[in-house]
Amino acid sequence: TLPNLTVNGGTLAGAGNASIGALTETSGTISISTLTLTGASSWSGGSMNSSAASTATVNSGATLGISSSADHDFNRRNFVNNGTVNWSAGRLRSGNGGSILNQNTWNDSTAGSLGANDFNNDWSGTAWVFTNAATGTYNKSGTGTTRTFIDFNNDGAVNLTAGTLEIHSGGTNSATGSFNVAA
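What you see is a predicted model, and the numbers here were worked out from it, not measured in a lab. (Residues numbered from 1 in each chain as written. Predicted model: local features only at pLDDT ≥ 70, side-chain atom pairs only at ≥ 80, totals over all residues. Heavy atoms only, no water.)

A. The overall build of the protein chain, seen in detail. When helices and strands are counted, the protein chain shows zero helices and 18 strands. In terms of overall size, the protein chain behaves like a compact globule, its C-alpha atoms giving a radius of gyration of 15 Å where 183 residues would be expected to give roughly 16 Å. Each principal axis of the C-alpha atoms in the protein chain carries an extent, and together these give about 45 × 35 × 30 Å. Intrachain contacts of the protein chain at a sequence separation of at least 6 include 35% that bridge at least 24 residues. Within the structure as shown, the protein chain displays about 7,300 Å² of accessible surface, and the carbon and sulfur contribution to it stands at 50%. (Helix = DSSP H or I, 4+ residues; strand = E, 2+ residues; numbered from the N terminus. Rg over C-alpha atoms; globule rule 2.2 N^0.38 Å. Contact = heavy atoms within 4.5 Å. Areas by Shrake-Rupley, 256 points an atom, 1.4 Å probe, with all protein chains shown as cover.)

What follows is the structure, encoded as structure tokens:
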């Protein structure tokens, strides 16, 4: 357990677990197999790629800000949000079985140009999936266009108050899922 960690180059690797209060990643690679964020964290550059199946969890009460126009890569990583993710810029890229499971709040305030704010399967292999769980809320408030080139599964609430959410590769909307579009 670390209260604070800044990754600004190099690689943080290992087969163990890391619990971090406040992570700041500006470059470099975090490839530790189990990463848990417990406080206010930020990801503006670098990657969370792994050579084997791995997880990253934003705990309840924790936040993760994803910013900058850099690609945010998490190949082979299952990303679980139980807190709040504030995504303001950059593409989210994975593959080889990676995923995002939003079980709380995902705020998408991206406002960049077309192609700058995408969910991509650029790492190929088994396509990754974004799942908005029954307890999850996905809020699109940025004026830009967010495009999904992966399956987007919704069991919770998707709220669009500004901008565009384009779902290109399909997915599901369950009986508990809703899409709410502001007038």
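B. Geometry of the pattern of salt bridges. Going through the model one piece at a time under the given rule, you end up with seven salt bridges. For D122, the salt bridge goes to R93, with nearest N and O atoms at 3.0 Å. One end of the pair, D122, is in the loop between strand 11 (118-120) and strand 12 (129-132); the other, R93, is in strand 8 (residues 92-93), with 29 residues separating them in the sequence. R93 sits in the buried class, given a relative accessible area of 15%. Residues joined by salt bridges that share partners form a network here, namely D71, D73, R91, R93 and D122. (Salt bridge = Lys/Arg side-chain N within 4 Å of Asp/Glu carboxyl O. Buried < 20%, exposed > 50% of the residue type's maximum accessible area, 1.4 Å probe, protein only.)

C. Representation of the side chain of N154 within the structure. Mapped onto the secondary structure, N154 falls in strand 15 (residues 151-154). One polar contact links the side chain of N154 to the main-chain amide nitrogen of G156, over a distance of 3.1 Å. Within the structure, the side chain of N154 is placed 3.2 Å from the backbone oxygen of S178, a separation counted as a polar contact. Residues contacting N154, with those up to four places away along its chain left out, are N132, T172, N173, S174, G177, S178 and F179. (Polar contact = N/O pair within 3.5 Å; in protein donor to acceptor, adjacent residues only side chain to side chain.)

D. Quick look at unusual backbone geometry. One non-glycine residue, R76, lies in the positive phi region at around 65°. Tracing the sequence through the fold places R76 in the loop between strand 5 (72-73) and strand 6 (77-81). One non-glycine residue, N96, lies in positive phi territory at about 50°. Its place among the elements puts N96 in the loop between strand 8 and strand 9 (99-102). Given a relative accessible area of 28%, N96 falls into the partly exposed group.

E. Quick peek at the environment of T105. Relative to the assigned elements, T105 resides in strand 10 (residues 105-108). As a C-alpha pair, T105 and A157 span 52 residues in sequence and 9.7 Å in three-dimensional space. Non-local contacts of T105, meaning those with residues more than four positions away in its chain, are made with N81, G83, T84, V85, T137 and N139.

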